[in-house]
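What the coordinates show
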Amino acid sequence: MHPLRLHPWTSFINDLKEKVRVGEKDVLLLEVEAACEEALLRVHSESHVSIIKALSRGVEVKVLGSFGVASYLPPDTPVVPGIFELMLHLIGGAIQAGRMVWSGSVRNAMAFGGQHHALTYYSSGFCYFNDVAVMIEWLREKADLRRVAIFDFDGHHGNGTQFIYNEDPDVLYISFHQTHDPFGEKIYPGTGWIEDIGAGEGKGFKVNLPLPVGATDEDYDYALNEVFRPLVEEFKPELLVANGGFDAHRSAALLNLSLTLHGYLNIAETLVEAAEKVCGGRLVVLTGVGYSPEVVRRGLTIILGTLLGKPVVVDEEKTEERGVKKEVIRRVAQIKGVLKEYWGCYR
């Protein structure tokens, strides 16, 4: 089943009211304004936008099926009727969230999104247009945003987002993800190695931590303290953006990570604390999705409750394994070695 069909918004809103005790005065729920096509063209090629639009509306077009051409549509991301309009609303929500946080209308915001596999001319991994990049580029052009940090905690590497900003020194991209399955085979999208630190002027500003099979809440906590916190604090972004995802949960069938909801709570708390410390609390979370409606619903409740500063109760047992894995410590040390010439915190 397509993960976009598993997004349990109705039950999520009920959870906010019942478990986090969020009322109408605590949170501002907004009807999404659809983005215009011009916003997409700040990131994506005109041919890619035109092809997705035409196919979505039932117009037959000839699409070349080789990587590197003007537009490429792999079989894992079919263009179904109406998807173009849905994506315009999804991206409009991201822009709306970013605009309100940047203007100071709200301190932080959460929107459905996180299409981090979409490249400039390439749809993949259920992602058609990169809402993270479109939001950032809209704020850069319309609101004078300059420096932004992105933390991607989806279980898969955000190849599209890194590709788009690979040479940009004003975008710090940090991703925690899985790259190999228990048998040593590469996991989609087959990118995001420790040595992938960017190119040109952007070298050193792209940070990838491939986590080993079975990485737990304690492993994530160690990585957050050793990688995410020091880099974001030294970079001092004007805005912090999180690309979420609940496929790192231990119940997810497609990956082999072992985060629990306690781990997601820790990630949310770390994001809020970092935003308060470096950029006046300005934080936008694009939720990402997952493959378990129950985990997505509970995870969304935890994240938004944390953004609102509400006490959140996690009703899931922690993993029995204790202590940080030696392999996680080794990989974090490797990251520090690769990045030490670019960052004072690692010298």
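Residues numbered from 1 in each chain as written. Predicted model: local features only at pLDDT ≥ 70, side-chain atom pairs only at ≥ 80, totals over all residues. Heavy atoms only, no water.

1. A short note on the overall build of the protein
The line we're drawing: Helix and strand labels come from DSSP, where a helix needs a run of H or I of at least four residues and a strand needs a run of E of at least two; each type is numbered from the N terminus. Accessible area is worked out with a 1.4 Å probe on protein chains only. A residue is then buried under 20% of its type maximum, exposed over 50%, and partly exposed in between. When checking whether two residues touch, look at their non-hydrogen atoms; a contact exists if any pair is within 4.5 Å. To measure how exposed things are, a 1.4 Å probe is used in the Shrake-Rupley method; for residues, cover is taken only from the protein chains shown.
If you tally the helices and strands in the protein, you get 10 helices and six strands. Per-residue burial over the protein gives 56% buried out of 347 residues. Across the protein, every contact between residues at least 6 apart in sequence was considered, and the portion connecting residues at least 24 apart equals 77%. Summed over its atoms, the accessible surface of the protein is roughly 14700 Å², and 52% of this surface lies on carbon and sulfur atoms.

2. Some remarks on helix 4 (residues 83–103)
Filter applied, for reference: The span you would expect from a helix comes to 1.5 Å times its residue count less one.
An ideal rise of 1.5 Å per residue puts 30 Å on 21 residues; helix 4 measures up with 30 Å between its terminal C-alpha atoms. Across the 21 residues that make up helix 4, a large majority, 15, are buried. Positive phi appears at Gly104, one or two residues downstream of helix 4, with a value of about 90°.

3. Here we look at the pairing of strand 2 (residues 148–152)
As a reminder, the rule being used: Any two strands with at least two DSSP-identified bridges between them are counted as paired. With the strands pointing away from the viewer, any crossover whose connection runs clockwise from the first strand over the helix to the second is right-handed.
The buried fraction of strand 2 amounts to five of the five residues, a majority that puts the element mostly inside the structure. Taking every second residue as pointing to the same face, both faces of strand 2 are buried, with Val148, Ile150 and Asp152 on one and Ala149 and Phe151 on the other. Pairing of strand 2 with strand 3 (residues 171–178) involves five bridges; the strand directions are parallel. Looking across to strand 3, one finds that Val148 is bridged to Val171. For the segment spanning strand 2, helix 6 (residues 159–165) and strand 3, crossover handedness is right-handed. Bridge count between strand 2 and strand 5 (residues 239–243): five bridges; the pairing is parallel. Looking at the pairing, Phe151 lines up with Ala242 of strand 5.

4. A word on the packing of aromatic side chains
For the record, the criterion: Geometry of aromatic contacts follows a simple scheme: Phe, Tyr and Trp rings, the Trp one being its six-membered ring, pair when their centres are within 6.5 Å, and the pair is stacked under 30 degrees between planes, edge-to-face over 60, tilted otherwise.
Within this structure, the stated rule accounts for 11 aromatic pairs. Summarising the aromatic geometry, the rings of Phe84 and Phe129 are spaced 6.1 Å apart at their centres and angled 80° between planes, so their arrangement reads as edge-to-face. Of this pair, Phe84 sits in helix 4 while Phe129 is found in the loop between strand 1 (108–111) and helix 5 (131–143), placing the two residues 45 residues apart along the sequence. Side by side, Phe84 and Phe129 carry an identical accessibility label, which is buried.

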